[in-house]
Amino acid sequence: MVQAYILIQTEVGKAAAVATEIAALPGVVTAEDVTGPYDVIVRAEAADVDELGQLVVARVQGVAGITRTLTCPVVKL
């Protein structure tokens, strides 16, 4: 299992709608709108890195109102 945080910047006024839509996607554990340099932070999980990439590229980045994403895989040190 691969887990990651996806940091998302949105168009002005779109954070709540983006978080709500992303929260319904398969593989998304949580999606919350926040303050700071990013507007939404998502916790996602997938079976492997390829599946995680498909989640981010095909599903998350396809949500209207997103301007930029940054995916941060969770590592066990």
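Labelled according to an unreviewed UniProt entry, the protein appears under the name Lrp/AsnC ligand binding domain-containing protein, originating from Pseudonocardia lutea.

**Quick look at the overall build of the protein**
Of the regular secondary structure elements, the protein holds 2 helices and 4 strands. From first element to last, N terminus to C terminus, the protein shows the α and β order β-α-β-β-α-β. In terms of C-alpha radius of gyration, the protein reaches 12 Å, essentially the compact-globule figure of 11 Å for 77 residues. Here the protein, with 77 residues, has 32% of them falling under the buried criterion. Surface summary for the protein: the accessible area is close to 4,700 Å², and the carbon and sulfur share equals 55%.

**Observations concerning the environment of proline 26**
Inspection of the secondary structure assignment puts proline 26 in the loop between helix H1 (15–23) and strand S2 (28–33). Put simply, proline 26 and glutamate 51 are 25 residues apart on the chain and 11 Å apart in space, counted from C-alpha to C-alpha. Each residue touching proline 26, except ones within four places of it in the same chain, is listed here: Leu55 and Arg59.

**Here we look at the sheet that holds S2**
Spatially, S2-S3-S1-S4 is the arrangement adopted by the 4 strands of the open sheet, whose pairing is antiparallel. A strand with exactly one partner marks an edge of an open sheet, and here the two such strands are S2 and strand S4 (66–73). Taking each pair of neighbouring strands and ignoring which way they run, the sheet shows an average axis angle of 20 degrees.

**Some remarks on H1**
Residues of H1 that are buried include every one of Ala15, Val18, Ala19 and Ile22, and no others. Taken down its axis, H1 places every buried residue within 100 degrees of arc, on the same side. Within H1, the exposed residues directed more than 90 degrees away from the buried face are Ala17 and Thr20. If you follow the buried residues of H1, they end up packed against strand S1 (2–10), S2, strand S3 (40–46) and S4.

**Details of the nonpolar core**
In this structure, Ile8, Ile22, Val42 and Val60 are the most contacted members of the largest nonpolar core, which totals 21 residues. At the level of elements, S1, H1, S2, S3 and helix H2 (49–59) are the ones that each hand at least two residues to this core. Excluding its chain neighbours within four sequence positions, the residues that come into contact with valine 60 are Ile6, Ile8, Ile22, Leu25, Leu55 and Ile66.

**Thoughts on the side chain of threonine 10**
Position of threonine 10 among the secondary structure elements: in strand S1. In this structure threonine 10 comes out as buried when scored by relative accessible area, which is 11%. With residues up to four places along the chain from it excluded, the contact list for threonine 10 reads Ala15, Val18, Asp39, Val40, Gly65, Ile66 and Thr67.

Calculation notes
- Residues numbered from 1 in each chain as written.
- Predicted model: local features only at pLDDT ≥ 70, side-chain atom pairs only at ≥ 80, totals over all residues.
- Heavy atoms only, no water.
- Helix = DSSP H or I, 4+ residues; strand = E, 2+ residues; numbered from the N terminus.
- Rg over C-alpha atoms; globule rule 2.2 N^0.38 Å.
- Buried < 20%, exposed > 50% of the residue type's maximum accessible area, 1.4 Å probe, protein only.
- Areas by Shrake-Rupley, 256 points an atom, 1.4 Å probe, with all protein chains shown as cover.
- Contact = heavy atoms within 4.5 Å.
- Pairing = 2+ DSSP bridges.
- Axes fitted to C-alpha atoms, helices over the stretch in contact; angles between N-to-C directions.
- Arc of directions from axis to C-beta.
- Core = buried A, V, L, I, M, F, W, Y, C linked by side-chain atoms within 4.5 Å.

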